[in-house]
Amino acid sequence: MDLHKKSAHELHDLLVRKEIKAAEITDNYLKCIEKAQLAINAYTTVLAEKAKEQAVAVDEKIAQGEKIGFLAGIPGAIKDNICTLGIKTTCSSKILADFVPPYDASVVKKLKDASAVFLGKTNLDEFAMGGSTETSAFGTTHNPWNTNYVPGGSSGGSAAAVAAGMAAWSLGSDTGGSIRQPASYCGVVGLKPTYGRVSRYGLIAYASSLDQIGPLTRDVEDSAHLLNIIAGHDAMDSTCASEAVPDYTKSLVEDVKGLKIGLPAEYFVDGMDEDVKAAIDKAVSDYRSLGAEIVDISLPHTKYAIASYYLIACAEAATNLSRYDGVSYGARVEGDDIISMMTNTRTQKFGAEVKRRIMIGNYALSEGYYDAYYLKALKVRRLIKEDYDKAFEKVDVILAPVAPTPAYEIGSIISDPLQMYLQDICTVPLNLAGLPAISLRCGTSKGGLPIGMQLIGKAFDEPTIIKAAYTYEQGKDFYKEVAEVSK
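Heads up: these notes are all about the structure in this document.

The rules we used
Residues numbered from 1 in each chain as written. Predicted model: local features only at pLDDT ≥ 70, side-chain atom pairs only at ≥ 80, totals over all residues. Heavy atoms only, no water. Buried < 20%, exposed > 50% of the residue type's maximum accessible area, 1.4 Å probe, protein only. Helix = DSSP H or I, 4+ residues; strand = E, 2+ residues; numbered from the N terminus. Pairing = 2+ DSSP bridges. Core = buried A, V, L, I, M, F, W, Y, C linked by side-chain atoms within 4.5 Å. Contact = heavy atoms within 4.5 Å. Salt bridge = Lys/Arg side-chain N within 4 Å of Asp/Glu carboxyl O. Polar contact = N/O pair within 3.5 Å; in protein donor to acceptor, adjacent residues only side chain to side chain. Axes fitted to C-alpha atoms, helices over the stretch in contact; angles between N-to-C directions.

1. A short note on the pairing of strand β9 (residues 397-401)
Taking burial as the measure, the five residues of β9 include five buried ones, the bulk of the element. With burial as the criterion, each face of β9 is covered, one bearing V397, L399 and P401 and the other bearing I398 and A400. In this sheet, β9 lies alongside strand β7 (residues 260-264) in parallel orientation, the contact comprising two bridges. Bridged to I261 within β9 is V397. Inspection of the sheet shows β9 paired to strand β11 (residues 450-456) by four bridges, in the antiparallel sense.

Okay, structure coming up:
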């Protein structure tokens, strides 16, 4: 039985019926990791023995007649910028290469309480700064559908692991598209919750007003279950919302009749790949045939989103990363005095993209430029949010591409930062507005690479986008496919 090809909910049903054991599932996934890790490089740390112990513990519970929850005994992976007690958390950076957190992130605690099995920590762009997982200090992650192509980023390892059958589920983080874009490139489901819906406590910060943890899964049903587990108020995170958490699985119904779906003109940019446009057009047609009402809308300030995002995100990154100075924790490179020590540490241990964003951020925050850049970006952020508010007076959800192209070849644009940043044109606006969105596959490029679309919802209206995504997905076979990695 190819257990690695099954969704988490299928595996859960098999466990409940006692047709398999959690130890069997875990062994199957560990074999897949052993087979594919060299070619994909999805993991920074593999926890084989720990995973086996966790699986055996679940089997013992089942044998004793205990009722198990959805994620009990189901193997998954955690993005390596989410703190795990006693397990290295590196942010794929040399400066944290040997950092072992003394505590668990809140989401990790919830997963442990759910008796999930942890296969390991997944690779990412260094400090989540990138959209291709090429900036990792521990090597590039490869797209399982074609290893010459990027998996997207920054949660590239998390998406690739699920796509290649190296994990049944994973957690990622989304600051400007870092869950949705790799989900699109790898053909899996990526859910970015509303800002504040999931605790950020224990997530190593990139841009604190933008970061959000969310699940990457085989299908929409699994995403709803994962969100049920990780969502909710947390006193350890002052930005975490206190709103009640609904049961997201109740939204797993096939019904979009009368649903108003907005198509924003600004997201269909000049130069969009023909395969992407064709896939989105087909998805729109499918929704129309399912009874949804398609409405043309405008989000006029979208054209300023990239500039605003990179000013705000880099300013926050410069502040957050100032703590890595070779003194408190993390790596240290000695020098003749404290200034040279700090300089040597940050020069040698940060990668080029991280340095670039720190410098942009410090410049934007410097005296004489704060009002001209950072403050102006915050004002534009408000205008972008107001665009969405007005649009949602007319529609229930917004449908858009996740990226203007399918995955691109490794090394093809990494040397052109501006081109890299423009890949985020469809994802960063809703991070600025703090809105939820789900990415799911809607097509395949001529080159055989997955293409994703995103459904954007009102704040805390994850149920509507889950229902819309689930309804679409039920008529497709995309989510049943697992990339076969032979190397």
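Having put the structure on the table, let's press on.
2. With respect to the nonpolar core
Core analysis: the largest hydrophobic core is formed by 98 residues, its most contacted members being L71, L111, W169 and Y287. Beyond its immediate sequence surroundings of up to four residues, L71 is in contact with L111, A114, S115, A116, W169, L226 and I229. Ranked by size, the runner-up nonpolar core spans 63 residues in total, among them F99, Y206, L210 and A313.

3. Section: the pattern of salt bridges
Across all of its chains, the model carries 18 salt bridges by this definition. As a salt-bridge pair, K121 and D80 come within 3.1 Å of each other at their nearest N and O atoms. Here K121 is found in strand β3 (residues 117-122), whereas its partner D80 is found in the loop between β2 (75-79) and α4 (106-113), with 41 residues between them in sequence. The residues K121 and D80 share a single accessibility class, namely buried. Between D477 and K480 there is a salt bridge whose closest N-O contact spans 3.4 Å. Each of the two residues, D477 as well as K480, counts as exposed. Because the salt bridges share partners, they merge into one network encompassing D2, K5 and E484.

4. Comments concerning unusual backbone geometry
Trans peptide bonds make up the majority, and among non-glycine residues the majority have a negative phi. The step from G153 to S154 runs through a cis peptide bond, and the omega angle for that step is 5°. With respect to the secondary-structure elements, S154 resides in the loop between β3 and α5 (156-163). With phi around 55°, F127 is a residue other than glycine that occupies positive phi space. Looking at the secondary structure, you find F127 in the loop between β3 and α5. By relative accessible area, F127 is classed as buried at 2%.

5. Regarding the side chain of R218
Among the structural elements, R218 can be located in the loop between β6 (213-217) and α7 (220-230). Within the structure, R218 has its side chain in polar contact with the backbone oxygen of K480 (distance 3.5 Å). Beyond its immediate chain neighbours, meaning those up to four positions away, R218 contacts H4, K5, K6, S7, V162, A168, V189, E473, Y479, K480, E481 and V482.

6. Brief notes about the sheet that holds strand β4 (residues 169-173)
Within the open sheet, the 11 strands sit side by side as β1-β3-β2-β4-β6-β5-β10-β11-β9-β7-β8. Their pairing is mixed. With one partner strand each, in any of the chains shown, β1 (43-46) and β8 (293-297) form the two edges of the open sheet. On average, each strand axis in the sheet is tilted by 30° relative to the strand beside it, whichever way the strands run. Across the sheet, helix α3 (residues 48-63) touches β1 and β3, and the angle it forms with β3 is around 155°. In the packing of α7 onto the sheet, the strands contacted are β4, β5 (189-192), β6 and β10 (437-444), and the crossing angle to β6 comes to about 150°.

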